Amino acid sequence: MSREPTRQKLFTATLRLIGTRGVVGLTVDEIAAEAGVAKGTVYYNFGSKDGLIDALLRHGVDLLAARLEGAASVERLVDELLGFYAAYPTFAQLLVSELWRTPSQWRATLALLRERVTGLLRARLQEVAVLPAGVRVETAASALFGTVLVVALDWQVFSPERSGEDVRDDILALMEGLRA
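Every value quoted in this text rests on a predicted model; they were computed, and no experiment measured them.

## Here's the deal with the overall build of the chain
Then, in step 1: Per the secondary structure count, the chain includes nine helices and zero strands.
Then, in step 2: Going from N to C terminus, the chain has its helices and strands arranged as α-α-α-α-α-α-α-α-α.
Then, in step 3: Expected size for 180 residues packed as a compact globule is a radius of gyration near 16 Å; at 18 Å, the chain falls within 12% of this value.
Then, in step 4: The 180 residues of the chain split such that 42% are buried.

Right, here's the structure in full:
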């Protein structure tokens, strides 16, 4: 019997709670209650709350990486990033809050995940983009990752009536305008 459906239920419940209360102070009891499972189910599947958050971060990045791997243009990279953050806004909030929080229990995991995403972006940018003279692909990948993450959250919180295409076009125009 696969544990995956239970793990997914726990991920969903955890993201719902993080979206309303944040991750700090969140308890295993609350997660279990939100998921409709026994507290021991969390421990059986993840060992601890920290283990659950770690696995959730890895799972989210796996989903994001799968979207980015097929992107054949800068426009598609931006579309896939925006689409992912629109589909998983609480995951985006978790990334923003934990990537730069010091200290973070998940610092090592976040560093690995950030490297995975920016590494994927570097590889895709090297294949599909013409960077301005003097701009390193590492900087471009980091800027693309951070810009789209923050703009996606801003869009969802302050301008949800805007279309994803409109937001994407603004990001691309900004990127182009910075080259001029």
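## Some details on the pattern of salt bridges
Then, in step 1: Evaluation of the coordinates by the stated rule reveals 17 salt bridges.
Then, in step 2: Note that Arg 58 is salt-bridged to Asp 54, the shortest N-O span being 2.8 Å. Here the residue Arg 58 and the residue Asp 54 both occupy positions in helix H4 (residues 49–69), the gap between them amounting to four residues, near one helical turn.
Then, in step 3: Among the residues examined, Arg 58 registers a relative accessible area of 36% and is labelled partly exposed.

## Let's talk about the UniProt feature "domain: HTH tetR-type" (unreviewed entry) in the chain
Then, in step 1: Within the UniProt annotation, "domain: HTH tetR-type" (unreviewed entry) is assigned to residues 4–64.
Then, in step 2: A helix fraction of 82% and a strand fraction of 0% characterise residues 4–64, whose end C-alpha atoms lie 18 Å from each other.

## Quick notes on the packing of aromatic side chains
Then, in step 1: On inspection of all chains with the given rule, the structure shows four aromatic pairs.
Then, in step 2: For the ring pair Phe 84 and Phe 91, a centre distance of 5.7 Å and an interplane angle of 85° mean the geometry is edge-to-face. Pair check on accessibility: Phe 84 and Phe 91 agree, each one buried.
Then, in step 3: Through a chain of ring-to-ring contacts, the aromatic side chains of Phe 84, Tyr 85, Tyr 88 and Phe 91 assemble into a single cluster.
Then, in step 4: A cation over an aromatic ring shows up here: Arg 3 above the ring of Tyr 44, its NZ or CZ 4.9 Å from the ring centre.

## Some points on the side chain of Thr 109
Then, in step 1: Considering the arrangement of structural elements, one finds Thr 109 in helix H7 (residues 107–128).
Then, in step 2: Take Thr 109: its relative accessible area is 7%, and that puts it in the buried class.
Then, in step 3: Polar contacts involving the side chain of Thr 109 include one to the side chain of Arg 58, which spans 3.5 Å.
Then, in step 4: Setting aside residues up to four positions removed in sequence, Thr 109 forms contacts with Asp 54 and Arg 58.

## Thoughts on the environment of Ala 86
Then, in step 1: For Ala 86, the position within the fold is in helix H5 (residues 74–87).
Then, in step 2: Put simply, Ala 86 and Gln 156 are 70 residues apart on the chain and 7.3 Å apart in space, counted from C-alpha to C-alpha.

## Examining the confidence of the model for the chain
Then, in step 1: Taken over all residues, the pLDDT of the chain has a mean of 91, while the share at 70 or more is 97%.
Then, in step 2: Averaged pLDDT values for the elements of the chain fall to 85 in helix H9 (residues 164–179) and rise to 97 in helix H2 (residues 28–35).

## Considering the UniProt feature "DNA-binding region" (unreviewed entry) in the chain
Then, in step 1: Those places that UniProt annotates as "DNA-binding region" (unreviewed entry) correspond, in this numbering, to residues 27–46.
Then, in step 2: When the span residues 27–46 is considered, its composition is 80% helix and 0% strand, and the gap between its end C-alpha atoms is 14 Å.

## Let's talk about the environment of Leu 82
Then, in step 1: Secondary-structure assignment places Leu 82 in helix H5.
Then, in step 2: Each C-alpha atom of the pair Leu 82 and Trp 155 lies 9.7 Å from the other, and the pair is 73 residues apart in sequence.

## Considerations on the nonpolar core
Then, in step 1: If you look at the biggest cluster of nonpolar residues, it comprises 57 residues, and the most contacted ones within it are Leu 57, Tyr 85, Leu 121 and Leu 125.
Then, in step 2: Of the residues forming this core, the biggest block, 10 residues, is contributed by helix H8 (residues 137–158).
Then, in step 3: Excluding anything up to four places from it in sequence, Leu 121 contacts Leu 68, Leu 77, Leu 81, Ala 141, Leu 144 and Phe 145.

Calculation criteria
- Residues numbered from 1 in each chain as written.
- Predicted model: local features only at pLDDT ≥ 70, side-chain atom pairs only at ≥ 80, totals over all residues.
- Heavy atoms only, no water.
- Helix = DSSP H or I, 4+ residues; strand = E, 2+ residues; numbered from the N terminus.
- Rg over C-alpha atoms; globule rule 2.2 N^0.38 Å.
- Buried < 20%, exposed > 50% of the residue type's maximum accessible area, 1.4 Å probe, protein only.
- Salt bridge = Lys/Arg side-chain N within 4 Å of Asp/Glu carboxyl O.
- UniProt positions renumbered as here; feature names shortened; annotations may be inferred.
- Phe/Tyr/Trp six-rings, centres within 6.5 Å; stacked < 30°, edge-to-face > 60°.
- Lys NZ or Arg CZ within 6 Å of the ring centre and 35° of its normal.
- Polar contact = N/O pair within 3.5 Å; in protein donor to acceptor, adjacent residues only side chain to side chain.
- Contact = heavy atoms within 4.5 Å.
- pLDDT = per-residue confidence, 0-100.
- Core = buried A, V, L, I, M, F, W, Y, C linked by side-chain atoms within 4.5 Å.

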